[in-house]
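Chain residues, written in single-letter form:
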Amino acid sequence: MPSVPVPAGPFVPAGTVRIFDTTLRDGEQAPGAGLTAAEKLEVARQLVRLRVDVIEAGFPAASPGDWEAVHRIARETRGVAVAALARCRDGDPQRAIEAIKVAERPHLHVFIATSDIHLAHKLRLTREEALAEAVRWVRHGREQLGRDAEVEFSAEDASRTDPEFLLHVYEAVVGAGASTVNIPDTVGYAIPAEFGALVGRVVDLVGRDATVSVHCHNDLGLATANTLAAVQAGARQVEVTINGLGERAGNASLEEVVMALRTRPTQFPHLGSRVQTEHITAASRLVSHLTGFTVQPNKAVVGANAFAHESGIHQDGVIKNPLTYEIMTPQSVGLAGSQLTIGKLSGRKGLQKKLHDLGHDVAGDALDLVYREAIALADRKKEVTDADLLAIVEQRSGDVPLSISLDGWSVTSSHGGRSSGSVRVTLDGEERSGEATGNGPVNALYRAVDDAIRPVLGWEPTLVEYEIRAVTEGEDAQGRVFIRCRRSVDAGPGAYVATGHGLSTNIIEASLEAYVLGANKLRAAERDGSLAGSRRAVERLP
Ligand code: KIV
Ligand code: ZN
């Protein structure tokens, strides 16, 4: 631990670890986790509620769709800094600056690799050339954004870079105007004591003039441990994601780092984060729902079993005093614990308050919609629980433009035989119908939707993944269907993949809702330019 108080850098209040959330950038780079602009905005709003300090909203040079998403978040969120990532090369920083300059607090994040392995095999640059590019683009960012904005520099693959060269780079970029220097453990190679020592050296060198930040990947399962070792060594910004989502094995998880700071204050003297931890569970559920990345039951802090006690000895202890086996309370991360919530006689106000307690502020038309669906569900189901309500709230399709709607369907299916389905849809205001057979009822209906829309669109959705889960227990449980799909005309691993989800007590209906939403997203992406190689460009990022 540093023996003298570490200055936090020009933009970080003393006593604070700045929480830089990169769920919408590094998290979205997890294969198959692509989000639409509307979904990104929804997650950004949840991050504002959580009170993170910085939202890294994306990589604007990747595609027009990415630029638009970052720009919307910069324009529509307040009380938070909005960061955009850019390579140190002509075009990228300008696109990023254009996207974020409307933000209340713009935060430009430029990076270049510094390890010999990346320089020789990926960038084909010498150390001197990489250094010159780093200095050039940091200076450019500072000149364009002025004194009051953040300009952050990341040395990609820092933990495998020659430490002497790395220190030289950090000193040079701080001289050129960087207010934050980030130390990424890009491939999750570092070990906590070693990483802490490296961070300490950077803090000693530039910690008086810049905030020292860390960005840890989880390839060896050490991302949280490395991040915490870095904080003890003087880092005052941590780059994290909800649920630890991110490239390969993911990034350090926000909930683990934040709850460790809060639960073990003596290990992090006089340091805290601004995060309202009561919103952690809602944020975790939302990200899991929109990306389709299920949280493993034994995941720290947000897993379904994180506060469950199975053995008799543990249950007995917790009943006598929860402190016996719980180091944090379920309430501190937003697990309210109550079950029965709404019946047919419940009012809008009560529902709004309940949703607020569950971490969702819903008002106006959105509240009316959730209310109608909750009441309709109460007609079909004995008990409408917290889990049902959360599923209804999360089910809203954001503002995805809906050019295709499902008007009706029927299907026949029997043991050992093929299934036949027919659907009626409205596509661009025109009613259409389709018929098909399939190896099961869902397959037959999906083919029937294809039959109805293919003649107009010239493609149909190709299913990449289909998953069905019960939201609650019991025979009348709602089924939630999650799918991933791409356009049939886009072959190959680089194709744009959209997600779709559906929720109903009838699993066929839920399956159709998910498929039609996926088709709508593909259509919207086709129209707004997000299809134009965006995944390919993003896949090249670290
Ligand atoms: O992992 C990494 O190196 C990154 C940088 C761009 C910060 O994501
Ligand atoms: Zn990363």
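These numbers were taken from a predicted model, which means no experiment stands behind them.

*Asks:* Would you mind going over the environment of R454 with me for this structure?
*Replies:* Position of R454 relative to the elements: it lies in helix α15 (residues 441-457). For the pair R454 and A366, spaced 88 residues apart in the sequence, the C-alpha separation amounts to 32 Å. Setting aside residues up to four positions removed in sequence, R454 forms contacts with W459 and E460. At 2.6 Å, the side chain of R454 forms a polar contact with the side chain of E460.

*Asks:* Whenever I open this one, the packing of aromatic side chains confuses me. Can you help?
*Replies:* Summed over all chains, the structure comprises two aromatic pairs. Aromatic side chains F153 and Y170 sit 6.4 Å apart centroid to centroid with 75° between the ring planes, which places their arrangement in the edge-to-face category. One end of the pair, F153, is in strand β5 (residues 150-156); the other, Y170, is in helix α6 (residues 163-175), and 17 residues separate them in sequence. Residue class for Y170 comes out buried when judged on its relative accessible area of 0%. Ring geometry for Y446 versus Y515: centroids 3.9 Å apart, planes at 10°, classification stacked. Of this pair, Y446 sits in helix α15 while Y515 is found in helix α16 (residues 507-528), placing the two residues 69 residues apart along the sequence.

*Asks:* Would you mind showing me how to read the layout of surface pockets here?
*Replies:* In this approach a probe as big as a water molecule rolls over the atoms, and the regions it shows empty are the leftover space. Within this model, the second largest pocket holds a volume of roughly 630 Å³. Sorting the residues of the lining of the second largest pocket by element identifies α13 (364-380), α14 (386-395), β11 (404-412), β16 (498-504) and α16 as the ones contributing at least two each. Among the elements that line the lining of the second largest pocket, the one with the most residues is α13, at six residues. Residue classes in the lining of the second largest pocket are distributed as eleven nonpolar, seven polar and five charged. Lining the lining of the second largest pocket are residues from two domains, each supplying at least three of them: domain 2 (312-395) and domain 3 (404-528).

Definitions and limits used
Residues numbered from 1 in each chain as written. Chains lettered and ligands numbered in written order. Predicted model: local features only at pLDDT ≥ 70, side-chain atom pairs only at ≥ 80, totals over all residues. Heavy atoms only, no water. Helix = DSSP H or I, 4+ residues; strand = E, 2+ residues; numbered from the N terminus. Contact = heavy atoms within 4.5 Å. Polar contact = N/O pair within 3.5 Å; in protein donor to acceptor, adjacent residues only side chain to side chain. Phe/Tyr/Trp six-rings, centres within 6.5 Å; stacked < 30°, edge-to-face > 60°. Buried < 20%, exposed > 50% of the residue type's maximum accessible area, 1.4 Å probe, protein only. 1 Å grid on protein atoms, 1.4 Å probe; cavity = no way out; pocket = protein on both sides within 12 Å on 5 of 7 lines; lining within 4 Å. Points joined across faces, edges and corners; volume = space filled by probe spheres on them. Nonpolar A, V, L, I, M, F, W, Y, C, P; charged D, E, K, R; others polar. Domains from an automatic or database assignment.

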